[in-house]
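The primary structure of each chain is shown beneath.
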Amino acid sequence: MSGGREPELAAAVANKVGEGPVWLVDQQRLLWVDITGQLLQWFDPATGGVESLAVGRDVGAVAPAESGKLVAAVGDGFLAVDPELRSTELVAPVEADQPANRMNDGKCDTRGRFWAGTMGYDLRPGAAALYRLNGDCTVDTVLKPVTLSNGLDWSPDDRLMYYVDSKTQRLDVFDYDPDTGALSNRRTLLEIPEAEGLPDGLTVDAEGCVWLALWGAGRVRRITPAGKVDRVLELPVTQVTSCAFGGPDLADLYVTSAAHGLSAAELARQPEAGSLFVCRPGFKGRLPNRFRGCI
Ligand code: CA
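Residues numbered from 1 in each chain as written. Predicted model: local features only at pLDDT ≥ 70, side-chain atom pairs only at ≥ 80, totals over all residues. Heavy atoms only, no water.

Taken in spatial order, the 4 strands line up as β14-β15-β16-β17 in an open sheet, and their pairing is antiparallel. A strand with exactly one partner marks an edge of an open sheet, and here the two such strands are β14 (149–154) and β17 (183–191). On average, adjacent strands in this sheet sit at an angle of 25° to one another, irrespective of strand direction. With 6 bridges joining them, strand β16 (residues 170–176) and β17 adopt antiparallel strand pairing. Bridge pairing links Tyr-176 to Leu-183 in β17. (Pairing = 2+ DSSP bridges. Helix = DSSP H or I, 4+ residues; strand = E, 2+ residues; numbered from the N terminus. Axes fitted to C-alpha atoms, helices over the stretch in contact; angles between N-to-C directions.)

So this is what it looks like as structure tokens:
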């Protein structure tokens, strides 16, 4: 556990694109991905140890399932992962006819559905979408067109969904129906000028504020439901990708990062690029949701 309010190194892992942190309550470990490094990774704060599992394809996001398995969003769809057997099975293809796209950020909702979006490797405008894996392993297309589907999470009362399509340079919010999963009334909560970074992954804390990672800017911002920035965390690396609360009291904020996109000179200045960071910013997160159903 970190004692500091400012982010410090948790695990020096040199991920290509570290992303998708999620706290595993029953294991008291952090699970996250290296997207283009094609890894699932587990960090144990009690020992400082990191375990990893190569999944053989780009992996954009991962979440625990109630069965003990994991659900992952990969290059061509949704993958069931058995971490004990170290086996994988594609359970629902997504955009399998579009090899120029891959799946990206995702998260489980309170009803046990797993939401994840896609992106074109070349970031072609409008080439992507946001999908939802249901408990019976059917897939709904939730939102399109999208260019670079990224962070999403829900308000504590389950009536709002926050969402980032990075290339819009916006944090948006929808009204949300938790029973049907329907989104409506999309509006912009906060615009982020390009000079302040690319909006990337996010998590909503217990007070309903959004912690948003800003790629390229080395920052995580806390944004109130009214769209006001009331806290900024500075990282020692620029390619900040996402964050999630963990720890026994859900008050440790883990922040992932990437080495992708940095020149040799920049990497020399940021030797911790791609590592996992942690701090105790003085706020608490919420219990992560788990996938419920066919995995
Ligand atoms: Ca991302």
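We now examine the coordination of the calcium ion. Bound to the calcium ion on the protein side are Glu-19 (OE), Asn-150 (OD1) and Asp-200 (OD), at distances that span 2.2 Å. Mapped onto the sequence, the donors of the calcium ion take the spacing E-x130-N-x49-D. With a gap of 131 residues between them, Glu-19 in strand β2 (residues 18–24) and Asn-150 in strand β14 connect regions that are remote in the sequence. For Asn-150, a relative accessible area of 4% gives the class buried. (Donors = N, O, S within 2.8 Å, 3.2 Å for Na, K, Ca; no water. Buried < 20%, exposed > 50% of the residue type's maximum accessible area, 1.4 Å probe, protein only.)

On to the pairing of strand β21 (residues 229–234), then. Here strand β20 (residues 219–223) pairs with β21 via 5 bridges, running antiparallel. Paired with Arg-219 across the two strands is Glu-234, which belongs to β21. The antiparallel pairing of β20 with β21 creates a hairpin that spans 5 residues between the two strands, and Gly-227 there sits at a positive phi of about 90°.

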